[in-house]
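Chains, contacts and geometry: an overview
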Amino acid sequence: MSEDFVRRLPDAGFAYRVRDSGSSVFHLDVQMILLLVAIASYGLLILYSAVGQESAPVTAQSAKIGIAFVIMVAMAQISPIFYLRIAPWVFLIGVIMLVLVMFFGTTVNGSQRWLRIPAIFSFQPSEIMKLMVPMILAWYFHDRHLPPRMKHLFWAAVMIAVPVLLIARQPDLGTALIIGASGLLVLFLAGISWRYMVTVIGAAVVSSPALWFVLRDYQQGRILTFLNPERDPLGDGWNIIQSKTAIGSGGLFGKGLGEGTQSHLEFLPESQTDFIIAVLAEELGLVGVMGLLILYLLIAGRGVMISIQAQDTFGRLLAGSITFTFFIYVFINIGMVSGIVPVVGVPLPLVSYGGTSIITLFAGFGIIMSIYSHRRITL
Amino acid sequence: MAEPLVLKDHSGESQVYFERIVQGFGFLLLLTLLLVARMFYLQIVQHDVYSTLSDQNRIQVQSLSPVRGLIYDRNGELIADNIPSQRVTITKELVDDLDETITALDKLIGISPSQIESFKRRLARRQRPYESVPILFRLTEEENAKVSVNKNAMPGVEVEAKLVRHYPMAELMAHAVGSVRRINEDDAKRINAIDYSGTDHIGKIGIEKYYENELLGKVGYRRVETDARGQIMGAPLDQTDPVPGNDLVLHVDTGLQQAASDALGDRRGTVVAIDPRSGGILALVSKPSYDPNLFVTGIDFKTYASLRDSIDVPLFNRATQSQYQPGSTIKPFIGLTGLVTGMAKADFAIEDPGWFKLPNNQRLYRDWNWKKTGSGGHGLVNLDKAIYRSCNVYFYQLATKLGVDRIHEHLTLFGFGINTAIDLPEARSGLLPSREWKLGTRNEPWYPGDTVNIGIGQGDILVTPLQLASAVAILANRGRVVVPRMLLAGVEPALPYRQRLADVELVPDHVWDLIIGAMEKVVHRNEGYGENGTAWAYIGRDIKYRMAGKSGTAQVVGIAQGEEYDEELLNERQKEHAWFVAFAPVDDPVIALAVLLENGGGGSRFASPIARDVLDYYLLNERYRVAANQAVRTFNE
């Protein structure tokens with residue numbers, strides 16, 4: 001199969017591996033790494049303040065970032081061709097694990113997300129899907145004519161819908177929506193016509209009232225609270241009122257690192273995880289938030305550059321969709337904390353405390369670097 | 001592969017991709033712009049709003065309760081005190097299962113459904129999370145110990161101590177001092193929430209109500225930084241100390257109050273004693289009474305209902321709120337009116353046949369010793385005898401001669417029909433009828449028969465025991481008006497008068513001599529059957545000082561024409577009320593009083609011994625003589 005693949009490449013035989021810089025020896029992208037280190041350091045600084053200036057959680061988080069970094073480097077060494085080859089199988093395994101979670105999963109906080117293999121490890125199969133849904137679609141469109149035809153769109157929709165529905169009924173609506181969005185992003189990048197896109201989005205908007213009745217009580221509560229936080233100021237509304245208060249009271253330059261009263265006096269909930277941007281906004285103000293947003297934009301920009309330079313459909317679509325999905329996380333997290341998006345449990349990429357999401361993110365960046373560093377350059 | 005190999009158009013594809021990724025990046029910039037706009041709105045435009053909110057979160061203004069002013073009697077005995085009281089509170093956020101915790105507490109110390117209901121109401125009114133809410137007040141030592149021992153098994157449950165009002169004399173002073181109660185929703189609408197932020201109680205009755213502003217004190221503040229659990233972080237940011245309320249000293253004499261209460265015993269009635277030199281109220285007893293401590297932290301409904309619905313109305317202050325016909329105690333005042341207006345002469349006498357009739361009217365107005373046989377009557381009666389023998393017929397005639405207008409004018413001078421009390425907020429005005437009053441309320445003209453009844457204190461005229469005691473004090477002072485008051489010392493500013501009476505002037509000395517002399521004879525005259533003072537037989541035989549008095553009997557049910565009054569036929573609640581008013585010593589009065597015994601029967605026989613007991617206690621006890629003189633000096637200063 002790899003023979004066929006190589007033969008289909010237009011410039012096969014006239015290409016060689018890029019060896020123009022030291023970084024490509026290790027299949028890494030220096031610019032991307034510098035940006036990641038910058039944002040992770042910024043994140044650790046905020047975390048250090050958010051946990052009350054204790055070093056233990058910061059050390060633990062640094063260790064997780066270190067592990068994630070190693071994984072990223074490892075992922076970068078693997079050729080995109082290999083990813084292309086294994087994509088359908090890994091996707092299939094992922095779907096099977098989601099089904100297993102349905103029957104054997106561990107329930108935490110009322111939703112069944114974790115698959116536990118006793119005494120070895122436990123993890124969330126939905127986490128794999130964050131990478132596998134874009135990858136399987138990129139694989140699917142790789143040797144098909146673009147823009148995709150109706151028939152292909154149908155199968156693509158199935159590949160998105162199966163994992164999304166399985167995750168949605170865990171229930172983990174936030175992750176399901178984001179994975180669905182990452183799939184749609186691939187379709188968008190693959191060039192489906194605007195007419196289709198408008199139809200799909202229009203249908204989603206029209207059917208959203210019906211969706212209301214499918215939601216569980218706490219999910220309905222979150223949406224009602226989003227629309228009117230004063231509905232239950234000591235209960236559901238508390239989080240959003242307090243996070244807006246933290247952000248707003250920060251002003252232009254903030255109250256100073258470690259001086260945020262909302263977070264340190266524990267008015268702000270989840271200040272180390274999902275709501276950590278509010279700590280930044282309170283302590284370093286609008287300036288601090290703008291700095292972080294610029295770093296995120298630079299990473300997204302670098303991802304976009306790499307995807308443009310990618311030489312095949314698989315690489316382009318995969319790098320592009322991973323980059324955009326990453327930014328959608330940023331938008332949804334900051335949007336929910338500042339009250340323009342309903343509260344869904346989405347962490348702030350590279351900043352929120354926690355291991356799983358960071359490993360997935362770095363793995364994604366590893367794939368992007370692999371795509372970048374395994375290019376062949378035509379003479 | 002069935003399909004023919006189709007070569008992809010790679011450059012076209014990358015062109016399409018390029019367009020899309022640029023569009024996507026544009027969209028991404030748009031989202032970033034949206035976030036920046038949102039942050040700009042929150043952090044710059046709304047910055048002040050959220051800064052305030054953040055400070056309100058973090059900075060807690062804690063009120064510091066002022067200590068309520070204490071209340072003493074004239075001898076320095078404590079009437080109203082503040083003692084620490086333990087209460088059980090629950091902090092909802094620290095509790096695993098609220099209902100379970102309440103059930104556990106119920107098993108431990110017993111909590112009624114109504115207490116749970118009011119707890120839930122208080123819980124719903126909470127301002128912030130982690131605010132503790134009281135569920136049970138006034139723990140006994142035993143309950144306190146039980147909760148404290150089991151506290152670890154019930155997270156969120158705490159025992160807190162707070163100073164609350166305590167009345168060490170319980171029932172004895174209830175009607176004299178009044179009480180504080182928990183602030184209810186109606187109060188909350190009326191009062192300034194800031195002034196009351198340090199306390200749960202407000203003076204509701206009596207002295208506690210009238211001097212509320214003085215007793216309350218001024219609330220203090222402490223601004224502290226707290227976390228979301230309400231835990232205080234570090235030292236207070238600033239502090240204003242509370243100012244304790246003023247202590248009050250009352251004219252009341254606890255010993256005299258006790259003596260009056262003992263003299264009444266278990267009977268329903270009231271004693272009001274006034275120092276005629278100052279107007280200070282020495283004793284104000286209304287029985288039956290109640291324990292005001294019950295109301296301080298909230299009384300349970302059953303106990304409250306039994307007090308409220310009791311036929312004896314213990315919550316009702318008979319001394320200031322209850323209005324009775326004065327009966328024959330009005331006679332000295334009518335007699336004085338007669339002499340002053342010239343309608344009566346000291347040496348003018350009538351022949352009393354035992355009854356009186358108005359011209360052209362068949363209605364028979366009887367004397368108290370009238371018999372169906374036609375015997376009875378007091379024989380030849382002048383004003384002096386008409387008072388010490390309490391002759392009705394003389395006063396029927398005199399009242400008829402005077403007419404209602406003169407009676408109204410002169411009785412008003414003694415405070416009848418007027419509430420003259422200063423610091424007894426519940427006191428009522430009684431009723432002194434007049435032509436205008438009758439036309440206004442009943443739309444009827446005044447009939448001569450109405451005047452006849454007023455002559456002996458029956459009919460429409462009503463007085464409170466406090467009012468009658470004050471009128472007697474003015475009589476004892478020979479016209480110098482004093483205003484009945486509870487407060488002896490403690491509050492600086494002058495008290496506002498409800499309606500200040502002018503001294504009773506233009507009354508010649510010989511008029512005072514006659515009236516007071518006749519009242520003295522009521523107690524001391526011993527000239528044989530039919531000539532003794534009406535009270536002599538009951539209190540005059542062995543009295544050690546000179547007392548002026550007058551008995552009275554107020555009818556509760558009307559007696560039909562031509563019928564003799566038969567005590568046996570009337571059940572207890574229909575029996576007449578017994579009055580006795582007095583002051584002593586006659587030549588230098590230091591105490592004036594009014595005694596009323598509800599359904600007590602004849603005034604001389606049943607009420608005068610109570611008056612004697614009270615006066616004996618006051619006048620024959622050297623310690624109290626000295627204390628009383630000291631109090632008058634304090635008052636004059």
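For the structure, check the block above.
Here goes a summary of the coordinates provided. Keep in mind it's a predicted model, so treat the numbers as computed, not measured. Once a new chain begins, its residue numbering starts again from 1 and follows that chain's sequence as written. Just so you know, chain letters begin at A and ligand numbers begin at 1, following the order they were written in. Given that this is a predicted model, residues contribute local features only at a pLDDT of at least 70 and side-chain atom pairs are listed and counted only at 80 or more, while totals for whole chains, interfaces and linings are drawn from all residues. Calculated side-chain values reflect all of the structure's heavy atoms, with hydrogen atoms and water omitted.

On to the interface of chain B and chain A, then. We call two residues in contact when some of their heavy atoms are within 4.5 Å. Contact with chain B, which involves 44 residues of that partner, is made by 57 residues of chain A. Two parts lose some accessible area (1.4 Å probe) when they are put together, and adding that loss for both gives the buried area. Of the roughly 4500 Å² buried where chain B meets chain A, counting both sides, 72% is carbon and sulfur surface. Definition used for salt bridges: Asp or Glu carboxyl oxygen within 4 Å of a side-chain nitrogen of Lys or Arg. Across the chain B-chain A interface, the total number found is zero salt bridges. Pairs of N or O atoms within 3.5 Å make up the polar contacts considered here, provided that, within protein, one atom can donate a hydrogen while the other can accept it, and that residues adjacent in sequence are counted only when both atoms are side-chain atoms. Applying the counting criterion to the chain B and chain A interface returns 13 residue pairs in polar contact (both at pLDDT 80 or more).

Moving on: empty space enclosed by the protein. Sizing a probe to match a water molecule and rolling it over the atoms shows the empty space that remains. All names here are of chain A. In this analysis, the protein atoms alone were mapped onto a 1 Å grid. Cavities are point sets where a 1.4 Å probe fits without being able to get out; pockets are open sets with protein on both sides within 12 Å along at least five of seven lines; lining residues have an atom within 4 Å of a point. Grid points are joined across faces, edges and corners, and a volume is the space filled by probe spheres set on the points. For the structure on display, the rule yields five cavities of 30 Å³ or more. Counted as a void, the largest cavity has a volume near 190 Å³. As for the largest cavity, its lining consists of 16 residues, of which Lys-130, Thr-325, Tyr-329, Thr-360 and Leu-361 are closest to the centre. A run of H or I in DSSP becomes a helix once it reaches four residues, and a run of E becomes a strand once it reaches two; helices and strands are each numbered from the N terminus. Where the lining of the largest cavity is concerned, the elements lending two or more residues are α6 (125-142), α14 (313-337) and α15 (356-373). Take the lining of the largest cavity: its biggest share by element is five residues, from α15.

This part covers the pattern of salt bridges. All names here are of chain B. As enumerated under the stated definition, the model contains 32 salt bridges over all chains in all. For Asp-312, the salt bridge goes to Arg-268, with nearest N and O atoms at 3.5 Å. One end of the pair, Asp-312, is in the loop between α12 (301-309) and α13 (331-341); the other, Arg-268, is in the loop between α10 (254-264) and β11 (269-274), and 44 residues separate them in sequence. Given a relative accessible area of 23%, Asp-312 falls into the partly exposed group. We note a salt bridge from Arg-525 to Glu-531, for which the minimum N-O separation is 3.1 Å. Accessible area is worked out with a 1.4 Å probe on protein chains only. A residue is then buried under 20% of its type maximum, exposed over 50%, and partly exposed in between.

Here Asp-73 of chain B lies in the loop between β2 (71-72) and β3 (78-90). With residues near it in sequence (within four places) discarded, Asp-73 of chain B still touches Ile-79, Val-249, Leu-250, Val-252, Asp-253 and Thr-254 of chain B.

Residues and elements named next belong to chain A. At their nearest, the axes of α6 and α14 sit 8 Å apart, and the two run at 150° to each other. By the criterion of interaxial angle, the relationship of α6 to α14 is roughly antiparallel. α6 and α14 meet at a crossing whose hand is right-handed. Contact residues: α6 offers Lys-130, Leu-131, Pro-134, Met-135, Ala-138, Trp-139, Phe-141 and His-142, while α14 offers Thr-313, Phe-314, Leu-317, Leu-318, Ser-321, Ile-322 and Tyr-329. For every element, the axis is a line fit to its C-alpha atoms; helices are fit only across the contacting stretch, and the angle between N-to-C directions ranges from 0 to 180 degrees. Any angle that falls under 35 degrees is termed roughly parallel, while one over 145 is termed roughly antiparallel, one within 65 to 115 roughly perpendicular, and all others oblique. Should the near helix be turned counterclockwise from the far one by less than a right angle, the crossing is left-handed, whereas a clockwise turn marks it as right-handed.

Quick look at the nonpolar core now. Nonpolar cores are built from buried Ala, Val, Leu, Ile, Met, Phe, Trp, Tyr and Cys residues. Side-chain atoms within 4.5 Å join them into one set. Membership of the largest hydrophobic core comes to 124 residues, with the highest contact counts inside it found for Tyr-394, Phe-416, Ile-515, Met-547 and Phe-580 of chain B. Looking at this core, the element that brings in the most residues is helix α15 (residues 392-413) of chain B, giving 10 residues. Each domain span listed reflects an automatic or database assignment of domains. Residue assignment places this core across two domains, with domain 1 (61-166 + 212-245) and domain 2 (254-636) of chain B each supplying three or more. Counting residues in hydrophobic clusters, the runner-up holds 113 residues, among them Leu-292, Ile-322 and Val-337 of chain A together with Ile-21 of chain B.

Bringing the sheet that holds strand β9 (residues 232-240) of chain B into the picture now. Paired through backbone hydrogen bonds, the strands of a sheet run either parallel or antiparallel to each other. Residue and element names in this part refer to chain B. At least two bridges found by DSSP between two strands is the condition for calling them paired. Here we have three strands laid out as an open sheet, ordered β1-β8-β9, and antiparallel in their pairing. Across the chains shown, the open sheet's two edge strands, defined by having one partner strand only, are β1 (59-64) and β9. Across this sheet, the average inter-strand angle for adjacent strands is 30°, counted without regard to direction. Note that β1 and strand β8 (residues 220-226) share six bridges and pair antiparallel. Opposite Val-61, over in β8, you have Arg-223 as the bridge partner. Each of β1 and β8 touches helix α2 (residues 47-58); the most contacted strand, β1, lies at about 45° to it.

Residues and elements named next belong to chain B. For the peptide bond that leads from Lys-287 to Pro-288, omega is 0°, which places it in the cis range. With respect to the secondary-structure elements, Pro-288 resides in the loop between β12 (281-287) and α11 (293-296). The peptide bond linking Ala-584 to Pro-585 adopts the cis configuration, its omega dihedral lying at -20°. Note on placement: Pro-585 falls in the loop between β19 (577-584) and β20 (591-597). Of note, Ala-170 is a non-glycine position whose phi angle comes to about 45°, a positive value. Following the sequence through the fold, Ala-170 ends up in the loop between β5 (157-166) and α6 (174-177). On the basis of relative accessibility, which here comes to 16%, the residue Ala-170 falls in the buried class. At Asn-443, a residue that is not glycine, the phi angle is positive and equals roughly 55°.

By themselves, these figures tell us nothing about what the structure is for.
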